[in-house]
Amino acid sequence: MRTEKEAVAMIDPRNLDTLLHPGFDPKALKEAEPVGRALGASPGAACGKIVFSAEDAEEWAKRKEKVILVRLETSPEDIVGMKASQGILTGRGGRTSHAAVVARGMGKCCVSGCTEMVMDEENKTFKLGGKEYHEGDIISIDGTTGNIYDGAIPTVEASVSGDFGRIMAWADKYRKLKVRTNADTPTDAAKAKELGAEGIWLCRTEHMFFEPDRIGAIREMICSDTVEEREAALNKLEPMQQGDFEKLYEAMDGYNVTIRFLDPPLHEFVPTEEKDIEELAKTKGKSVEEIKAIISSLHEFNPMMGHRGCRLAVTYPEIAKMQTRAVIKAAIAVSKKIGKNIEPEIMIPLVGEVKELKYVKDVVCATADEVIAEAGVEMKYHVGTMIEIPRAALTADEIAKEAEFFSFGTNDLTQMTFGFSRDDAGKFLSAYYDKKIYENDPFQKLDQVGVGKLIKMAAEMWRATRPDIHLGICGEHGGDPTTIEFCHKVGLDYVSCSPYRVPVARLAAAQAAIKNEK
Ligand code: PEP
Ligand code: MG
């Protein structure tokens, strides 16, 4: 007879993925030969008709067609289409690319970085495995193995039995790490909570700005000439953002929610279609040429190292003010509604220098204090930061003086420590595996030797400065069992991952605790 502890230690956490996502019918799969192979970026299996745009995905899905969205790469504008698809296949991008991260959040199958695929998005065709595929052709994709198949392979639904709940309850008894989730919609938050998440550790607010009712206002904000104009556009966004946060707080029902302020470079939000540019010109009272000039002025040679993260709040503090008002007002409203005291957590991204954190934090605190005083309530709130630039890790003792919590953003921290792009590295990493230079994708399994050393060092400095405050990880590594064991050993408080990886994280955290018992 095995003990609970032995049972927990025995299970391969990867098997939970199989339980939680649809898979191919094993009999049918035996006879199938893949026509291509890429990165299994989000587990599960899917089969459907090929579509080449998010709009088509949405339209075809409305007609009850099952579709696979095939794109060179996805952008936040594709989110609605991604939701409508059975699965996503991309030509470019690694495990932390937009397609991979969003698909995992949705629990949707995704195969990414298929460099063998010769794509012609404009004419809606691609070539793969010696065949030309057109819109409407059927393919099947496996987000666990990365295999791509011609034609339909029947899928079987995920099925979670009573044993699952029992094993998870046992795992919870042994783990020391708390498990939170990365979620920015109430649906994802509710799913994560159902799967055992103890709060949200990363809400990427930019995902909320792409909803059709707000993209116009964010574009107006970007194309403003003065602070007043920018504020007017932000005022339109504030109630919508507040509403989003209220729904998240309600979905989490008193669990903590860490809200990360605007992070991506602004060019990601500007229109690309002529009709949208014309519409924006009309609302802004500018000529189409003027709008195009603004758009081209936002171009950056290396946007991932450009005008993004807290740099946006340093240049446009009004953005941070608006987001702060929305967070605090939402927390006040929901605290009253659910009768629990919410303590908002605001997270400042991409900090590399303590003074820039202090600048943004001062803006946040002044705004928050004003809103709280106006409402005549008592409310504690916390301002922390992400550690995702090596300089932030190296100066963690300085940054700890201003931050109330640290969250290691290991997607960017890996990108910036290795010095290669999280979106493009897939192109050459296979040569590195073949030549045994790297054993694994460093965007999937944390590089404990280099990136891990930065985390360990930062955690030690932090503990020496502010031992009472929390440390966690929210990069995609937060759902990887070996990284979770590392986080346990380093003494982090939280790991955070996309909703469907929460059970894997709970189990891996328990296994880490059992394995490293003193
Ligand atoms: C990270 O960099 O690890 C992170 C969580 O932030 P994002 O992926 O949104 O850049
Ligand atoms: Mg980041």
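To be clear, the structure that these remarks concern was listed above.
How each quantity is defined
- Residues numbered from 1 in each chain as written.
- Chains lettered and ligands numbered in written order.
- Predicted model: local features only at pLDDT ≥ 70, side-chain atom pairs only at ≥ 80, totals over all residues.
- Heavy atoms only, no water.
- Pairing = 2+ DSSP bridges.
- Helix = DSSP H or I, 4+ residues; strand = E, 2+ residues; numbered from the N terminus.
- Axes fitted to C-alpha atoms, helices over the stretch in contact; angles between N-to-C directions.
- Buried < 20%, exposed > 50% of the residue type's maximum accessible area, 1.4 Å probe, protein only.
- Right-handed = clockwise from strand over helix to strand, strands pointing away.
- Phe/Tyr/Trp six-rings, centres within 6.5 Å; stacked < 30°, edge-to-face > 60°.
- Near = heavy atom within 4 Å.
- Polar contact = N/O pair within 3.5 Å; in protein donor to acceptor, adjacent residues only side chain to side chain.
- Nonpolar A, V, L, I, M, F, W, Y, C, P; charged D, E, K, R; others polar.
- Donors = N, O, S within 2.8 Å, 3.2 Å for Na, K, Ca; no water.
- Core = buried A, V, L, I, M, F, W, Y, C linked by side-chain atoms within 4.5 Å.
- Contact = heavy atoms within 4.5 Å.
- Parallel < 35°, antiparallel > 145°, perpendicular 65-115°, else oblique.
- Left-handed = near helix turned anticlockwise from the far one by under 90°.

Observations concerning the sheet that holds strand β20 (residues 471–473)
In step 1: Pairing within the closed barrel is parallel, and its eight strands lie in the order β14-β15-β16-β17-β18-β19-β20-β21. Ignoring strand direction, the axes of neighbouring strands in this sheet form an average angle of 25 degrees.
In step 2: In the sheet, β20 pairs with strand β21 (residues 494–497) via two bridges, with the strands oriented parallel. The residue bridging Gly472 from the neighbouring strand is Tyr494, located in β21.

Re the pairing of strand β15 (residues 200–204)
In step 1: Burial within β15 is extensive, with five of its five residues counted as buried.
In step 2: Between strand β14 (residues 178–182) and its parallel partner β15, the chain crosses via helix α8 (residues 186–194), and the hand of that crossover is right-handed.
In step 3: Across three bridges, the pairing between β15 and strand β16 (residues 257–260) is parallel. Paired with Arg204 across the bridge in β16 is Arg260.

Things to note about the packing of aromatic side chains
In step 1: Under the counting rule described, the total for this entry stands at 16 aromatic pairs.
In step 2: On the numbers, 5.1 Å between centres and 20 degrees between planes, the contact of Tyr432 with Tyr438 is stacked.
In step 3: Given a relative accessible area of 30%, Tyr432 falls into the partly exposed group.
In step 4: Owing to a relative accessible area of 23%, Tyr438 belongs among the partly exposed residues under this scheme.

Some details on the site of ligand 1
In step 1: Neighbouring residues of ligand 1: 14 residues in total, closest Arg204, Arg260, Gly409, Asn411 and Arg422.
In step 2: Note that an oxygen atom of ligand 1 is positioned 2.9 Å from one of the side-chain N or O atoms of Arg260.
In step 3: Mapped onto the shell around ligand 1, the elements with two or more residues apiece are β15 and α18 (410–418).
In step 4: Here the shell around ligand 1 is built from residues that sort into three nonpolar, four polar and seven charged.

Some words on the coordination of the magnesium ion (ligand 2)
In step 1: Looking at the magnesium ion (ligand 2), the protein donor atoms are Glu388 (OE) and Asp412 (OD), and they sit 2.0 to 2.2 Å from it. Taken together, the residues span a long stretch of sequence, with Glu388 in the loop between β18 (382–387) and α16 (390–394) and Asp412 in helix α18 at a distance of 24 residues. Asp412 matches Glu388 in its accessibility class, with the two residues each being buried.

As for the nonpolar core
In step 1: Counting residues in hydrophobic clusters, the biggest one holds 96 residues, and the most contacted among them are Phe245, Tyr249, Ile348, Ile399, Phe406, Phe408 and Leu492.
In step 2: By residue number, the principal contributor to this core is helix α15 (residues 354–375), which donates nine residues.
In step 3: Residue contacts for Ile348: discarding those within four places in its chain leaves Phe261, Cys310, Leu357, Val360, Val364, Val383, Gly384, Thr385 and Met386.
In step 4: With 26 residues, the next largest nonpolar core counts Leu262, Phe269, Val288 and Leu298 among its residues.

Some remarks on the sheet that holds strand β4 (residues 45–51)
In step 1: Across the sheet, which stays open at both edges, the eight strands sit in the order β2-β12-β11-β4-β5-β6-β7-β3 with mixed pairing between neighbours. Two strands close off the open sheet at either side, each with one partner strand: β2 (36–37) and β3 (39–42).
In step 2: Pairing analysis gives three bridges linking β4 to strand β5 (residues 67–71), with the strands arranged parallel. Each residue of the ladder has a partner; that of Lys49, found in β5, is Val67.
In step 3: In the packing of helix α4 (residues 54–62) onto the sheet, contacts are made with β4 and β5, and the angle to β4 comes to roughly 105 degrees.
In step 4: Contacting β3, β6 (87–90) and β7 (109–112), helix α6 (residues 98–106) crosses the sheet at an angle of about 45 degrees to β3.

Here we look at the side chain of Arg308
In step 1: Checked against the element boundaries, Arg308 lands in the loop between α12 (288–297) and α13 (310–315).
In step 2: Among the residues examined, Arg308 registers a relative accessible area of 2% and is labelled buried.
In step 3: Polar contacts involving the side chain of Arg308 include one to the side chain of Asp412, which spans 2.9 Å.

Notes on the packing of helix α10 (residues 227–252) against helix α14 (residues 317–338)
Packed helix pairs are specified by the crossing angle of their axes together with the interaxial distance, meaning the distance between the axes.
In step 1: Contact pair α10 / α14: the axes reach a minimum separation of 8 Å and the direction vectors enclose 30 degrees. Here α10 lies roughly parallel to α14, going by the angle between them. Considering how the two elements wind past one another, α10 and α14 form a crossing that is right-handed.
In step 2: Here the residues of the contact of α10 with α14 sort into 13 nonpolar, four polar and nine charged.

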